[in-house]
Amino acid sequence: MWGLVDAKLIRVSTAMHRFASASSLPPAAGAGDGGGRGGAGCGSQVRLRRHHSCPPSASPDRLHLPMAPPTPLLLLLLLLVGGGCGCYGGGGGGGAAGAEAAGRDDAALRVLKELREETAAMRGSQMQVSPAQAQLLAMLAQILGAQRCIEVGVYTGYSSLAVALALPESGRLVACERDERCLEVAKKYYQRAGVAHKVDVKHALAADSLKLLIDGGEANSYDFAFVDADKRMYEEYYELLLKLVRVGGLIVIDNVLWYGRVADPLVNDRKTISIRNFNKKLLEDNRVSISMVPIGDGMTICRKLVDT
């Protein structure tokens, strides 16, 4: 039995390393705040505690590959949901079926790499999530068995593409973005990766799009949400998503470390104060359980506990 488990662990670890290696580019110089697609970070280990601070001295350049190996907890969860060889396609196996699944994974990695390369040449490219973040989001969606997801703040679509690839063919991802130029890039790569039919693009203010979903009777019907948009709107996005995500579902929020500024008492600009206050709200919110994952610019994973 343990020989089989070891073999599956090796396959998962290898596939996760391939994901990061194939899709990684060094982050663009500078850390403009824009929409907040993070670049700075503090490592890539998951720590299962309710709240953490990241030292302001942490270097964003230390996020380059090779990525840290996946934690035993995440590997175990992958095994429990099927022991597949990666985040896409539901697993490999042997023979023709395994070769077909491996081919799909390789094609997905190529498209993700091409999207990162195109985005790297664009203004604001530092807003793109890191490969480690995208891989984690895809894995979380797959562990949940997610069918319905939401992303608030798409930029050029790297994270939403990673999640859409992890969804089953019947899955749906609502992608909210107000920048039409960025959306055109995202839609091109959705098409190229063969997942455009899974993505419902909302070109509007995200808060308005979320309110329309609630008014349309979609409360408590989503499994997973990712937020990476205007930092001063985080609290409003969070409250709206708590209505849309089901009990047991996840809301993941990016940039919660804000390049280490939230831990520096001398930094008190409006965005930093907003994120600092939002982090405190999450820490004290009994409607969710949380874990702050210090990869990229810090991501807080919130699991909804009660019906709202």
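Residues numbered from 1 in each chain as written. Predicted model: local features only at pLDDT ≥ 70, side-chain atom pairs only at ≥ 80, totals over all residues. Heavy atoms only, no water.

The name recorded for the chain in an unreviewed UniProt entry is Caffeoyl-CoA O-methyltransferase, from Oryza barthii. The annotation that UniProt attaches to the chain under Sequence similarities (unreviewed entry) is "Belongs to the class I-like SAM-binding methyltransferase superfamily. Cation-dependent O-methyltransferase family." (UniProt positions renumbered as here; feature names shortened; annotations may be inferred.)

Summing up its helical and strand segments, the chain has 9 helices and 7 strands in all. Looking at the chain residue by residue over its 308 residues, the buried ones come to 51%. Considering only residue pairs separated by 6 or more positions, the chain has 77% of its internal contacts joining residues 24 or more positions apart. When the accessible surface of the chain is summed, it comes to about 13,300 Å², and 55% of that surface belongs to carbon and sulfur atoms. (Helix = DSSP H or I, 4+ residues; strand = E, 2+ residues; numbered from the N terminus. Buried < 20%, exposed > 50% of the residue type's maximum accessible area, 1.4 Å probe, protein only. Contact = heavy atoms within 4.5 Å. Areas by Shrake-Rupley, 256 points an atom, 1.4 Å probe, with all protein chains shown as cover.)

Right, let's talk about the pattern of salt bridges for a bit. Evaluation of the coordinates by the stated rule reveals 18 salt bridges. Two residues, Glu117 and Lys113, come together in a salt bridge whose shortest N-O distance is 2.5 Å. Of this pair, Glu117 and Lys113 both sit in helix H3 (residues 95–120), 4 residues apart, which is roughly one turn of the helix. Of the residues examined, Lys113 reaches a relative accessible area of 34% and is grouped as partly exposed. Between Glu239 and Lys281 there is a salt bridge, and its shortest N-O distance comes to 2.9 Å. Linking Glu239 in helix H8 (residues 234–244) with Lys281 in helix H9 (residues 270–284), this pair joins segments that are 42 residues apart in sequence. Among the charged side chains, a salt-bridge network with shared partners connects Arg148, Arg172, Asp200, Lys202 and Glu218. (Salt bridge = Lys/Arg side-chain N within 4 Å of Asp/Glu carboxyl O.)

So, about helix H5 (residues 158–166). A large share of H5 lies buried, amounting to 9 of its 9 residues. Of all the residues in H5, the buried ones are Tyr158, Ser159, Ser160, Leu161, Ala162, Val163, Ala164, Leu165 and Ala166.

Attention now moves to the sheet that holds strand S4 (residues 222–227). The strands making up a sheet associate through backbone hydrogen bonding, with each pair oriented either parallel or antiparallel. Read across the open sheet, the 7 strands follow the order S3-S2-S1-S4-S5-S7-S6; overall the sheet is mixed. Looking at the sheet topology across the chains shown, the edges are occupied by strand S3 (199–203) and strand S6 (288–293). Each adjacent strand pair in this sheet contributes to an overall mean axis angle of 15°, direction not counted. Pairing analysis gives 5 bridges linking S4 to strand S5 (residues 245–254), with the strands arranged parallel. Bridging across to S5, Phe224 finds its partner in Leu250. (Pairing = 2+ DSSP bridges. Axes fitted to C-alpha atoms, helices over the stretch in contact; angles between N-to-C directions.)

Among the secondary structure elements, Lys231 is positioned in the loop between S4 and H8. Of note is the side chain of Lys231, whose polar atom sits 2.8 Å from the side chain of Asn255. (Polar contact = N/O pair within 3.5 Å; in protein donor to acceptor, adjacent residues only side chain to side chain.)

Here we take up the nonpolar core. With 44 residues, the main nonpolar core has Leu161, Tyr190, Phe224 and Val252 as its most contacted residues. Of all elements in the fold, only H3, helix H4 (131–144), H5, strand S2 (172–177), helix H6 (180–193), S4, S5 and strand S7 (299–304) reach the threshold of two or more residues within this core. Other than its neighbours up to four places away in sequence, Val252 contacts Leu137, Leu140, Phe224, Ala225, Phe226, Val227, Met299, Thr300 and Ile301. Listed in part, the 30 residues of the second largest apolar core include Leu241, Leu257, Phe278 and Ile290. (Core = buried A, V, L, I, M, F, W, Y, C linked by side-chain atoms within 4.5 Å.)

Take helix H7 (residues 206–215) next. Of all the positions in H7, only Ala206, Ala207, Ser209, Leu210 and Leu213 are classed as buried. When H7 is viewed along its axis, its buried side chains cluster within an angular range of 160° and face the same direction. Away from the buried face of H7 by more than 90 degrees, exposed residues Leu212 and Asp215 are located. Among the structural elements, strand S1 (148–152), S2, S3, S4 and H8 are those in contact with the buried residues of H7. Count one or two residues on from H7 and you reach Gly217, which has phi positive near 85°. (Arc of directions from axis to C-beta.)

Where H8 contacts H9, the axes come no closer than 10 Å and their chain directions differ by 30°. By the angle between their axes, H8 is roughly parallel relative to H9. Across the interface between the two elements, Tyr234, Glu235, Tyr238 and Glu239 of H8 pack against Phe278, Lys281 and Leu282 of H9. Each residue belonging to the contact of H8 with H9 can be placed in one class, and the counts come to 4 nonpolar, no polar and 3 charged. (Parallel < 35°, antiparallel > 145°, perpendicular 65-115°, else oblique. Nonpolar A, V, L, I, M, F, W, Y, C, P; charged D, E, K, R; others polar.)

This paragraph deals with the packing of aromatic side chains. The full count for this structure, using the stated rule, is 3 aromatic pairs. Measuring from centroid to centroid gives 5.6 Å for Tyr234 and Phe278, while their planes differ by 65°, and the two rings are edge-to-face. Here Tyr234, found in helix H8, pairs with Phe278, found in helix H9; they are 44 residues apart in sequence, far enough to count as distant. The class of Tyr234 is buried, set by a relative accessible area of 2%. Centre to centre, the rings of Tyr238 and Phe278 are 5.6 Å apart; their planes meet at 80°, and the pair counts as edge-to-face. Remark: Phe278 occurs in helix H9 and Tyr238 occurs in helix H8; sequence separation between them is 40 residues. (Phe/Tyr/Trp six-rings, centres within 6.5 Å; stacked < 30°, edge-to-face > 60°.)

The next point concerns the pairing of S6. Here is the key point about a regular strand: its side chains alternate between the two faces of the sheet. Across the 6 residues of S6, 5 count as buried, placing the element largely inside the fold. As judged from the 6 bridges shared by S6 and S7, these two strands associate in the antiparallel manner. In the sheet register, Ser289 faces S7, and the bridge partner there is Arg303. Between S6 and the antiparallel strand that follows it, S7, lie 5 residues; Gly296 among them carries a positive phi value of about 60°.

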